Amino acid sequence: MKSTALLLLLAASAFAQSISIVSGPVDYQVYQRGTDGKAEIPLELKVEGDEGKDVFLSIKRGVVPVPGFVALNLGKAVNGVLKTTVRNVPTGGPYRLEFRLRRVGAAIHARSNVLVGDIWLLAGQSNMEGVGNLENVEQPSDRVNSYNQADAWVPAKEPLHELVSATDRVHWRKNAAGVAERLEGEALEAYRANRKKGAGLGLAFAIEYEKRTGVPVGLLPCAHGGTSMAQWSPELKDKGGDSLYGATLRRAQLVGGKVAGILWYQGESDASAQAAPIFQQKFEELVKAFRQDLNAPELPFYYAQIGRHVSAAPGAPWNQVQEGQRLAETMLPRSAMFATIDTDLDDGIHVSTPELKRLGRVMAGYAAGKIKKGPTLVSLALEGQTVRVKYRDVNGKLVAPGRVLGFYAVNGAGEVVPLIYKVTFDPNEPASVLLHFQGKAPEGLKIGYGYGRDPIANLRDEMGAAAPVFLPQAVNP
């Protein structure tokens, strides 16, 4: 009887001891590292039993304790509450955080698959949201997690974006009655089961970035297909979750208020006679607003130049948006533009899954500081009966599958004229191409690349980074 009573007493004592996290890490959470490569983890714990005794934290990578975090003394709970900040958690993971009321013994409470690394925000419209076919998608990694649109940390896998279940109303679809509603329960499961599209570039970017740097990644998907610069306006931020910009800021604060950078792909919805002329201005204002509101004046902002659109709609506004994107790069420090004009599509406007993966890897290589961003136009110069088109930021040399396609000539009257019969590479200057023509160059000769909405343009560098579309530029004599 005494033995039984003792066991019951011990069991009751063990049951009375508990630790719960009021605020702090959850499974799969990613913490943004600081410039020193370390993160701070704020904690508020509720502690029951053993009042007045110390609380200990161990952080492990697998079964191996992280140096400096073997039974770290967090202090004592006061009235059952312990508030503290765990500092200097090194870049890495997945980590298991174990809480105890004694230095040794079984953990009373734990969190798993926590990472310290870089958080990248994904924003824009459909080609960032991802409308690639869900076939041969990028495979997940235990070093890449995502804060999904329902505001939960999860393992990152395709599709990253799921607008219909988002917390923010701005992402919801309208039902038959025209009322925006969030899908839940059986309706959401049916949507997921029938979904055929949704692959994007974000996961490929994250996998490649982690591979090149050894730094884990957290993704923050915030894109929404079919949206314009007007819908992304920072002037709407006070609407919070009823605006795209406000919803994105809200989510950035939920993951700690700091991100490593922003990946952006948008502009297709602004390719109209009304919106295209002001696109560059609005885009630059957006970038500056993000940096100001995230208190990060040098926040990296990497974006795609819109690519192809198989459509009979006028091509001039499309090219005007592309040109605005090209010129904005020269006006925005710590920005970089990546061309997509050479990509295959999975429908009339959406980049295919393999090409999104390629684009994501190129962007990641640049973000990691391991490759150049890709061909950037420098100059056009007349050399006899050739025009030299010179680029910089080329990885290796310029290449093309077969004949180089995409360049066109314009005369002084602004008319596209037949002129170029051959394009060759200069073996002595691998960042240039030579456009060959016969006879005399027309007065006021200009050269462009990527005419209209759906050109055939195939110039790249050896890392797969494409040459950008540019409107006709004057040729220097």
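Caption draft 1: Just the sheet that holds strand S3 (residues 38-48), in detail. Taken in spatial order, the three strands of this open sheet run S1-S3-S7, and their pairing is antiparallel. On the outer flanks of this sheet lie strand S1 (18-23) and strand S7 (81-90), each paired with one strand and no other. Within the sheet, the average angular offset between the axes of one strand and its neighbour, ignoring direction, is 40°. Relative to S7, S3 runs antiparallel, the two sharing eight bridges. Pairing of Glu-44 across the sheet is with Lys-83, part of S7.

Caption draft 2: Representation of the packing of helix H5 (residues 244-254) against helix H6 (residues 279-293) within the structure. It is at 11 Å that the axes of H5 and H6 come closest, and there the two elements cross at 30°. When the axis of H5 is compared with that of H6, the two are roughly parallel. Crossing geometry of H5 relative to H6 is assigned as right-handed. Each of Tyr-245, Thr-248 and Leu-249 in H5 lies in contact with H6, whose residues at this interface are Leu-286, Ala-289, Phe-290 and Asp-293. Partitioned by chemical class, the residues of the contact of H5 with H6 number five nonpolar, one polar and one charged.

Caption draft 3: Inspection of the nonpolar core at higher detail. Grouped together as the largest cluster of nonpolar side chains are 72 residues, with contacts concentrated most on Trp-120, Tyr-209, Leu-219, Leu-263, Trp-264 and Phe-283. Residues contacting Tyr-209, with those up to four places away along its chain left out, are Arg-33, Asp-118, Trp-120, Gly-214, Val-215, Val-217, Ala-364, Ala-367 and Ala-368. Formed by 27 residues, the second largest nonpolar core is a distinct cluster that contains Ile-341, Phe-407, Ala-409 and Val-423.

Caption draft 4: Examining the confidence of the model for the protein chain more closely. Confidence in the prediction for the protein chain averages 95 pLDDT; 96% of positions are at 70 or higher. Scored below 50 in pLDDT, residues 4-15 shows zero contacts in the model against residues more than four places distant or in partner chains.

Caption draft 5: Representation of the pattern of salt bridges within the structure. Evaluated as defined, the whole model comprises 30 salt bridges. For Glu-40, the salt bridge is made with Arg-87, and the minimal N-O distance between the two is 2.8 Å. Of this pair, Glu-40 sits in strand S3 while Arg-87 sits in strand S7, placing them 47 residues apart in sequence. Among the residues examined, Glu-40 registers a relative accessible area of 47% and is labelled partly exposed. A residue is classified by how much of its surface remains accessible, and Arg-87, at 47% relative accessible area, is partly exposed. Among the ionic pairs, Lys-197 bridges to Asp-347, the shortest N-O distance being 3.8 Å.

Caption draft 6: Here's a closer look at the packing of aromatic side chains. Overall, the coordinates contain 19 aromatic pairs when judged by the stated rule. Here Trp-232 and Trp-264 contribute two aromatic rings whose centre-to-centre distance is 5.1 Å and whose plane-to-plane angle is 75°, an arrangement assigned as edge-to-face. With Trp-232 in the loop between strand S16 (217-221) and H5 and Trp-264 in strand S17 (residues 261-265), this residue pair connects regions lying 32 residues apart in the sequence. An angle of 40° between the planes, with centres 6.4 Å apart, marks the rings of Phe-290 and Phe-301 as tilted. Here Phe-301 lies in strand S18 (residues 301-304) and Phe-290 lies in helix H6, a separation of 11 residues in the sequence.

Caption draft 7: Highlighting the pairing of strand S11 (residues 144-147). The alternating pattern of S11 places Val-144 and Ser-146 on one face and Asn-145 and Tyr-147 on the opposite face, and all of these are buried. With three bridges connecting them, S11 and S16 associate as parallel partners. Its bridge partner being in S16, Ser-146 is matched across the sheet by Leu-219. For S11 and strand S12 (residues 153-155), the ladder comprises three bridges, and the chain directions are antiparallel. Within S12, the residue paired with Tyr-147 across the bridge is Trp-153.

Caption draft 8: Structural view of the sheet that holds strand S20 (residues 376-383). One open sheet holds the four strands; their spatial order is S20-S21-S26-S25, and the pairing between them is antiparallel. The sheet is open, and its two borders are formed by S20 and strand S25 (422-426), each paired with just one other strand. Ignoring strand direction, the axes of neighbouring strands in this sheet form an average angle of 25°. Of the pairings in the sheet, the one linking S20 to strand S21 (residues 386-392) comprises seven bridges and is antiparallel in character. Bridge pairing in S21 links Leu-382 to Val-387.

Caption draft 9: Quick peek at the side chain of Asp-342. With respect to the helices, strands and loops of the structure, Asp-342 is situated in the loop between strand S19 (335-338) and helix H8 (353-367). On the basis of relative accessibility, which here comes to 11%, the residue Asp-342 falls in the buried class. A distance of 3.2 Å separates a polar atom in the side chain of Asp-342 from a polar atom in the side chain of Arg-358. Every residue in contact with Asp-342, bar those within four places of it in the chain, is listed here: Glu-355, Arg-358, Ala-457, Asn-458, Arg-460 and Ala-466.

Caption draft 10: A look at the packing of helix H4 (residues 202-213) against H8. At a closest axis distance of 7 Å, the pairing of H4 and H8 adopts a crossing angle of 35°. Taken as a pair, H4 and H8 cross one another with a handedness that is right-handed. Between H4 and H8, the residues in contact are Ala-204, Phe-205, Glu-208, Tyr-209 and Arg-212 and Lys-357, Gly-360, Arg-361, Met-363, Ala-364, Gly-365 and Ala-367, respectively. Looking at the contact of H4 with H8, its residues break down into six nonpolar, two polar and four charged.

Cut-offs used in this document
Residues numbered from 1 in each chain as written. Predicted model: local features only at pLDDT ≥ 70, side-chain atom pairs only at ≥ 80, totals over all residues. Heavy atoms only, no water. Pairing = 2+ DSSP bridges. Helix = DSSP H or I, 4+ residues; strand = E, 2+ residues; numbered from the N terminus. Axes fitted to C-alpha atoms, helices over the stretch in contact; angles between N-to-C directions. Parallel < 35°, antiparallel > 145°, perpendicular 65-115°, else oblique. Left-handed = near helix turned anticlockwise from the far one by under 90°. Contact = heavy atoms within 4.5 Å. Nonpolar A, V, L, I, M, F, W, Y, C, P; charged D, E, K, R; others polar. Core = buried A, V, L, I, M, F, W, Y, C linked by side-chain atoms within 4.5 Å. Buried < 20%, exposed > 50% of the residue type's maximum accessible area, 1.4 Å probe, protein only. pLDDT = per-residue confidence, 0-100. Salt bridge = Lys/Arg side-chain N within 4 Å of Asp/Glu carboxyl O. Phe/Tyr/Trp six-rings, centres within 6.5 Å; stacked < 30°, edge-to-face > 60°. Polar contact = N/O pair within 3.5 Å; in protein donor to acceptor, adjacent residues only side chain to side chain.

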